[in-house]
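Below, each chain spelled out in residue letters.
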Amino acid sequence: MRFRLSPPGFPVFLVSVVLAGLAIATLYWRVPVVGAYVSSHRFWVLAGAYLALLLGVIVEGL
């Protein structure tokens, strides 16, 4: 079975970068609005960022 991979769209890429950036930023700084949630669920936020990027690569047109 072969996958037809495509580059993710810019919105999907941007969401992935923002989620990963938030997860990493809570390691070093206090993020005011969503920082409490992100810092307590840092692994899952980072996993969600990579899952969004993976779906953007696998699903064509996303």
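A. The overall build of the protein, seen in detail. Regarding its fold elements, the protein presents three helices and zero strands. The order of helices and strands in the protein, counted from the N terminus, is α-α-α. Taken against the 2.2 N^0.38 rule, which gives 11 Å for 62 residues, the C-alpha radius of gyration of the protein at 14 Å runs more than 25% over that of a compact globule. Taken across its 62 residues, the protein has 19% of its residues classed as buried.

B. Main features of the UniProt feature "transmembrane region" (unreviewed entry) in the protein. According to UniProt, the positions carrying the feature "transmembrane region" (unreviewed entry) are residues 12–31 and 43–59. For residues 12–31, the end-to-end C-alpha separation is 22 Å, with 85% helix and 0% strand making up the annotated structure. The annotated region residues 43–59 carries 94% helix and 0% strand content, and the separation between its end C-alpha atoms amounts to 24 Å.

C. Representation of the packing of aromatic side chains. Applying the stated criterion across every chain yields a total of two aromatic pairs. Ring centres of Tyr 28 and Trp 29 lie 6.1 Å apart, and the angle between their planes is 65°; on these two criteria the pair is classed as edge-to-face. Given the relative accessible area of 60%, Trp 29 is considered exposed. When the centroid spacing of 4.9 Å and the interplanar angle of 80° are considered together, the rings of Phe 43 and Trp 44 count as edge-to-face. Side by side, Phe 43 and Trp 44 carry an identical accessibility label, which is exposed.

D. Fine view of a nonpolar patch on the surface. Taken together, the side chains of Met 1, Phe 3, Leu 5, Leu 51, Leu 54, Leu 55, Ile 58, Val 59 and Leu 62 make up a nonpolar region of the molecular surface, amounting to roughly 950 Å² of accessible area. In this structure, Ile 58 sits in helix 3 (residues 42–58).

E. A look at helix 1 (residues 10–28). With 19 residues, helix 1 extends 27 Å between its outermost C-alpha atoms, agreeing within 8% with the 27 Å of an ideal straight helix rising 1.5 Å per residue. If you follow the buried residues of helix 1, they end up packed against helix 2 (35–40) and helix 3.

F. Main features of the confidence of the model for the protein. On average, residues of the protein score 90 in pLDDT, and 100% of them are at 70 or above. Per-residue pLDDT, averaged within each element of the protein, yields its smallest value for helix 2 (87) and its largest for helix 3 (94).

Basis of the calculations
Along each chain, residues carry numbers from 1 onward, in the same order as the chain's sequence is written. At least 70 in pLDDT is required for a residue's local features to be given in this predicted model, at least 80 for side-chain atom pairs to be given and counted, and no such filter applies to totals for whole chains, interfaces and linings, which use all residues. Where side-chain values are given, they derive from all heavy atoms of the structure, hydrogens and water being excluded. Labels follow the DSSP assignment, with helices taken as runs of H or I lasting at least four residues and strands as runs of E lasting at least two, numbered in each case from the N terminus. To get the radius of gyration, use the C-alpha atoms; to get the globule rule, take the number of residues to the power 0.38 and multiply by 2.2 Å. Under the scheme applied here, a residue whose accessible area is under 20% of the maximum for its type counts as buried, over 50% as exposed, and between as partly exposed, the area being computed with a 1.4 Å probe on protein chains only. UniProt positions are given in the numbering used here, feature names are shortened, and annotations may be inferred rather than shown by experiment. Ring pairs shown here join Phe, Tyr and Trp side chains whose ring centres sit within 6.5 Å, with only the six-membered ring taken for Trp; geometry is labelled stacked below 30 degrees between planes, edge-to-face above 60, and tilted in between. Only residues above 30% relative accessible area that lack a salt bridge enter a patch, with like-charged residues linked at up to 9 Å and the nonpolar side chains Val, Leu, Ile, Met, Phe, Trp and Tyr linked at up to 5 Å. The Shrake-Rupley method, run with a 1.4 Å probe, gives the accessible areas here. Residue values count only the displayed protein chains as cover. We count a salt bridge whenever a side-chain nitrogen from Lys or Arg sits within 4 Å of a carboxyl oxygen from Asp or Glu. An expected span of 1.5 Å times one less than the residue number is assigned to each helix. Here, two residues are considered to be in contact whenever any of their heavy atoms come within 4.5 Å of each other. How sure the predictor is of each residue is captured by pLDDT, a score from 0 to 100.

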